[in-house]
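# What the coordinates show
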Amino acid sequence: PLSAEVIRDGLNKRWIQYGSLSISENGNLLAAADVLLLPYLNKSINRGRFPNKFGDFLAAGRPIVSHPTGDIGGLIDREKLGVLSSEDPEVFAGDVLNLLDSRNERERSGLHARRFAEQKWSWASRARELSDFYSSLLS
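We now turn to the structure provided with this report.

## A few points about the layout of surface pockets
Space inside the largest pocket adds up to approximately 640 Å³. Lining the largest pocket are Leu-11, Arg-14, Trp-15, Ile-16, Tyr-18, Val-35, Leu-36, Leu-37, Val-96 and Leu-100. Of all elements in the fold, only β1 (36-38) and α6 (89-101) reach the threshold of two or more residues within the lining of the largest pocket. Within the lining of the largest pocket, the residues separate by chemical class into nine nonpolar, no polar and one charged.

## A word on the environment of Ser-131
Relative to the assigned elements, Ser-131 resides in helix α8 (residues 123-138). Along the primary structure Ser-131 and His-67 are separated by 64 residues, whereas in three dimensions their C-alpha atoms are 31 Å apart.

## Some remarks on helix α4 (residues 53-60)
Listed as buried for α4 are Phe-54, Phe-57, Leu-58 and Ala-60. Buried residues along α4 cover an arc of 160° about the axis, so they all sit on one side. Looking at the buried side of α4, the elements it contacts are α2 (23-31), β1, β2 (64-66), α5 (70-79) and α7 (103-119). In the segment just after α4, Gly-61 is the residue with positive phi, at about 70°.

## Looking at the packing of aromatic side chains
Scanning the entire structure with this criterion turns up five aromatic pairs. Residues Phe-54 and Trp-121 carry aromatic rings whose centres are separated by 6.5 Å and whose planes lie at 85° to one another, so their mutual orientation is edge-to-face. Linking Phe-54 in helix α4 with Trp-121 in the loop between α7 and α8, this pair joins segments that are 67 residues apart in sequence. One aromatic cluster in this structure is built from Phe-50, Phe-54, Phe-116 and Trp-121.

## Some words on the nonpolar core
Core analysis: the biggest nonpolar cluster contains 16 residues, and Phe-54, Leu-58, Ile-64 and Leu-81 have the highest contact counts within it. Listing elements by their share of this core, those giving two or more residues are β1, α4, α5 and α7. By residue number, the principal contributor to this core is α4, which donates four residues. When near neighbours in sequence (up to four residues on either side) are disregarded, Ile-64 contacts Leu-36, Leu-38, Phe-54, Phe-57, Leu-58, Ile-76, Leu-81, Gly-82 and Val-83. Judged by nonpolar contacts, the second largest core, of six residues, contains Val-65, Val-83, Phe-92 and Leu-99.

Rules and cut-offs
Residues numbered from 1 in each chain as written. Predicted model: local features only at pLDDT ≥ 70, side-chain atom pairs only at ≥ 80, totals over all residues. Heavy atoms only, no water. 1 Å grid on protein atoms, 1.4 Å probe; cavity = no way out; pocket = protein on both sides within 12 Å on 5 of 7 lines; lining within 4 Å. Points joined across faces, edges and corners; volume = space filled by probe spheres on them. Helix = DSSP H or I, 4+ residues; strand = E, 2+ residues; numbered from the N terminus. Nonpolar A, V, L, I, M, F, W, Y, C, P; charged D, E, K, R; others polar. Buried < 20%, exposed > 50% of the residue type's maximum accessible area, 1.4 Å probe, protein only. Arc of directions from axis to C-beta. Contact = heavy atoms within 4.5 Å. Phe/Tyr/Trp six-rings, centres within 6.5 Å; stacked < 30°, edge-to-face > 60°. Core = buried A, V, L, I, M, F, W, Y, C linked by side-chain atoms within 4.5 Å.

The following block contains the structure:
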């Protein structure tokens, strides 16, 4: 069900709820977006976890707008995967709009996200990292 805020603000006519999607349907939906949003407020529950959707967002090759919280914030900043914004909703919305207005920045960040997914976040590269770690412990 839609929240009272969505209905009150007249967004219910623009709101689409897709429900459960297959992996390929989810990938197609994410790839159709210009910007992907990952509100990640600086709370203890967020500092100590890592959302699975982050990998899907990277694979979609779209820029991510999030907050500078935990490992996610560090990765987005270091790898130039999108924009880190304020927890203030109006500032966050403004940063999303600025990114939507900047095609070059969207394309650059989206390419960085996809390259990061392929080169550093793939199962093969993560397994190699883990194997190297185990090897270092054994030597």
